[in-house]
Amino acid sequence: MSEHHTADRASLAGLQAAVQRCVVTACGSTFGIRERIYVCSHCGGPLEIQCDFPSRAAAGSLRKQWEARAASSDPLDRSGVWRYRELLPFNAGAPIVTLFEGNAPLYEAPRSAAYGGLSSLRLKHLGSNPTGSFKDTGMTVAVTQASLLGAQTVVCASTGNTAASLAAYAARADLQCAIIVPRGQITTAKLAQSMDYGAAVLEIEGNFDDAMRIVQQLTADPSIYLANSINPFRIEGQKTVAFELLQQCAWRVPDHIVVPGGNMGNSSALAKGYYELLRLGLIDRLPKLHVVQAEGAAPLARLFAEMARAQPRDTASSFPDRITPVEHPQTLATAIKIGAPVSWQKSLRGVLQSGGQVLAVSEQEIADAKAIIGRDGIGCEPSSATTVAGIRRLVASKIIRHDDSVVAVLTGHLLKDPDYVSHYHRGTLALPSGGDDRAGTGEQIHGAFRNPPERVAASKDAILESLDRRRRGNS
Ligand code: F0G
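Residues numbered from 1 in each chain as written. Predicted model: local features only at pLDDT ≥ 70, side-chain atom pairs only at ≥ 80, totals over all residues. Heavy atoms only, no water.

(A) Local environment of the sheet that holds strand S8 (residues 153–157). Taken together, four strands build an open sheet; the order of strands is S10-S9-S8-S11 and the sheet is parallel. The open sheet is flanked by strand S10 (200–204) and strand S11 (224–226), the only strands paired with a single partner. Between one strand axis and the next, the sheet turns by 25° as a mean value, whatever way the strands run. Pairing geometry for strand S9 (residues 176–182) and S10, over five bridges, is parallel. What sits directly across from Pro182, in S10, is Ile204. (Pairing = 2+ DSSP bridges. Helix = DSSP H or I, 4+ residues; strand = E, 2+ residues; numbered from the N terminus. Axes fitted to C-alpha atoms, helices over the stretch in contact; angles between N-to-C directions.)

(B) Representation of helix H10 (residues 265–279) within the structure. Here H10 contains 15 residues, and its C-alpha end-to-end distance of 21 Å stays within 8% of the 21 Å for a straight helix at 1.5 Å per residue. All of the buried residues in H10 are Gly265, Asn266, Ser267, Ser268, Ala269, Leu270, Ala271, Lys272, Gly273, Tyr274, Glu276 and Leu277. (Expected span 1.5 Å × (residues − 1). Buried < 20%, exposed > 50% of the residue type's maximum accessible area, 1.4 Å probe, protein only.)

(C) Looking closely at the nonpolar core. Tyr274 and Leu277 are the most contacted members of the largest nonpolar core, which totals 95 residues. In terms of nonpolar packing, the next biggest core, distinct from the first, is built from 37 residues, Ala369, Ala385, Val395 and Tyr424 among them. (Core = buried A, V, L, I, M, F, W, Y, C linked by side-chain atoms within 4.5 Å.)

(D) Examining the side chain of Thr137 more closely. By the element assignment, Thr137 lies in helix H5 (residues 135–148). For Thr137, a relative accessible area of 1% gives the class buried. Here the side chain of Thr137 touches Phe134 through a polar contact of 2.8 Å, landing on its backbone oxygen. Residue contacts for Thr137: discarding those within four places in its chain leaves Val81, Glu101, Gly102, Asn129, Gly237, Gln238 and Val241. (Polar contact = N/O pair within 3.5 Å; in protein donor to acceptor, adjacent residues only side chain to side chain. Contact = heavy atoms within 4.5 Å.)

(E) Representation of the packing of aromatic side chains. Throughout the structure, instances matching the rule amount to nine aromatic pairs. For the pair Trp66 and Tyr84, a centre-to-centre distance of 5.0 Å together with 75° between the ring planes defines the contact as edge-to-face. Highlighted residues: Trp66 in helix H2 (residues 56–69) and Tyr84 in the loop between helix H3 (75–78) and strand S5 (96–97), separated in sequence by 18 residues. Classification of Trp66 as buried rests on a relative accessible area of 0%. (Phe/Tyr/Trp six-rings, centres within 6.5 Å; stacked < 30°, edge-to-face > 60°.)

(F) Structural detail: the packing of helix H13 (residues 363–375) against helix H15 (residues 418–426). Running from N to C, H13 and H15 cross one another at 95°; their axes reach a closest spacing of 11 Å. By the angle between their axes, H13 is roughly perpendicular relative to H15. Only Tyr420, Val421, Tyr424 and His425 of H15 make contact with H13, whose side of the interface consists of Glu363, Ile366, Ala367, Asp368, Lys370 and Ala371. The residue makeup of the contact of H13 with H15, split by class, is six nonpolar, one polar and three charged. (Parallel < 35°, antiparallel > 145°, perpendicular 65-115°, else oblique. Nonpolar A, V, L, I, M, F, W, Y, C, P; charged D, E, K, R; others polar.)

(G) View of the site of the ligand. Around the ligand, the surrounding shell holds 20 residues, and the nearest of these are Ser158, Asn263, Met264, Asn266 and Thr411. Note that an oxygen atom of the ligand is positioned 2.8 Å from one of the backbone N or O atoms of Thr162. Take Ser383: an N or O atom from its side chain is 3.2 Å from a nitrogen atom of the ligand. Coverage of the ligand by the protein chains reaches 99% of its 480 Å² of free accessible surface. Looking at the shell around the ligand, the elements with two or more residues in it are helix H6 (161–173) and H10. Per-class residue counts for the shell around the ligand are five nonpolar, 13 polar and two charged. (Near = heavy atom within 4 Å. Areas by Shrake-Rupley, 256 points an atom, 1.4 Å probe, with all protein chains shown as cover.)

(H) Examining a nonpolar patch on the surface more closely. Judged by side-chain polarity, Val456, Ile463, Leu464 and Leu467 come together as a nonpolar surface patch covering roughly 320 Å² of accessible area. With respect to the helices and strands, the residue Leu467 is situated in helix H16 (residues 460–474). A relative accessible area of 40% means that Leu467 is categorised as partly exposed. (Patch = residues over 30% accessible without salt bridge, like charges linked within 9 Å, V, L, I, M, F, W, Y side chains within 5 Å. Salt bridge = Lys/Arg side-chain N within 4 Å of Asp/Glu carboxyl O.)

(I) Inspection of the pairing of strand S4 (residues 47–51) at higher detail. Within S4, four of the five residues are buried, which leaves the element mostly enclosed by the surrounding structure. Strand direction decides the pairing type here: strand S2 (residues 18–22) and S4, joined by five bridges, are antiparallel. When the sheet's bridge partners are listed, Gln20 is paired in S4 with Ile49.

(J) The arrangement of the pattern of salt bridges in detail. Here the structure, examined in full by the defined rule, presents 21 salt bridges. Taking the shortest distance from any N to any O, the salt bridge between Arg69 and Asp77 comes out at 3.7 Å. For Asp77, a relative accessible area of 8% puts it in the buried group. Across the pair Glu454 and Arg469 runs a salt bridge whose closest N-O atoms are separated by 2.7 Å. Placement of the pair is Glu454 in the loop between H15 and H16 and Arg469 in helix H16, with a sequence separation of 15 residues. On the basis of relative accessibility, which here comes to 35%, the residue Glu454 falls in the partly exposed class. Judged by its relative accessible area of 36%, Arg469 falls in the partly exposed class. Each of the salt bridges in this network shares a partner with another, and the network as a whole consists of Arg69, Asp77, Arg85 and Glu86.

(K) Region of interest: helix H11 (residues 299–310). End to end, H11 covers 17 Å across twelve residues, agreeing with the expected 16 Å (1.5 Å per residue, within 8%). Of all the residues in H11, the buried ones are Pro299, Leu300, Ala301, Leu303, Phe304 and Met307. Of the surrounding secondary structure, the elements contacted by the buried residues of H11 are strand S13 (288–294), helix H12 (344–354) and strand S14 (358–361).

(L) Just the side chain of His125, in detail. Along the chain, the position of His125 falls in strand S7 (residues 122–125). Not counting chain neighbours up to four residues away, the residues in contact with His125 comprise Ala104, Pro105, Tyr107, Ile378, Gly379, Cys380, Leu410, Gly412 and His413.

Okay, structure coming up:
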């Protein structure tokens, strides 16, 4: 192991007692925290980690401690995940694998606010993480657990970002890494990252949901560790985004948090994070958590709408025991092209607890929202822009009010999918059409905020003339 690796691996002080618990209320089985298990071995339900929390009295000092750590040079304090280690399930001496993830900025976004119908809007940009997406906040924890368990190989199914993140953290930890991806459906940039970080890039014929099925079968092999968000350790890392965001808001709880939804790990994690802060007495109410999907890949939005129709007043009283998958999910926001989300129960539970909504937006709405976020000087991937498109709808339907405090969580960086951006601005963005499994509608996107390049003569006058014309166009 190189010196560099050793320097970035640090040890935790402090000791957290914790278990893995089945979230199915009728089961509730618990398992040891170092048991290599991904779903409940009794009922097959999803697991979550339950830490033995500090008392409410002791929790009061956590805020100050966390704030002080932001200025420290200790590698664990510099990580925006391990800074919150009192609420993570690791003992002193754990070999932490970190790339200094987290520390994601919170921006004011006035143009996006006006577009959405709000007086102000803040964007939490997780695309600033080391591999360009929010996955890093969970992967630092999952790969640390993989090292502790002595795994040889870490694997994941992915639409691209989980793969890039796992590949990077596995490289830091000196673990073999295999990523299973649907062939031809991952952006060039994301695939390039996984290749460069040395992962085995295994492309299958099929979609993300097929890849997810295969990796779950692979876990029968004890040398293999699964790093998808079905693994509750991923969620533990990602929940710290809730802590960092609250700290950036000076502990004033926003009225609404809006996130994209794909496999539903992110929304599950944020819900867990806010719920833990509430239990600790660090906040006195939950922000409403809203999840936005793309219309062509919206199984949870569909389920939510069915629940609302069946029981308009009290959706929380009858929790559904299954979700109907979307068999051929379709969206240009490839990161969230998922028809059978593995963490739907935890996500839905969190949305209902907070009084939020699950909704779906069109390809056109996603594309235009993305361009508007760009005009605020903030670059995100298409899936992230579902948030601002969703906010516009929620404001129009008066679920969010004009003056409410709202944070949209952007999950990936613009450079993850530059082809999409280029097609949008050049007027050539369209869903694929055809007759096979990946068939789309051929729907053409008409960018309301197109900004294509212009060919100009190589002269000062031609350039000044173009600038002048544009100024007049804007006035
Ligand atoms: N945004 C981006 C940029 C993503 O990469 C993903 C998921 C999501 C949103 C949705 O988050 O799954 O937690 O609900 N990407 C996964 C992947 C599926 O393989 O990279 P989620």
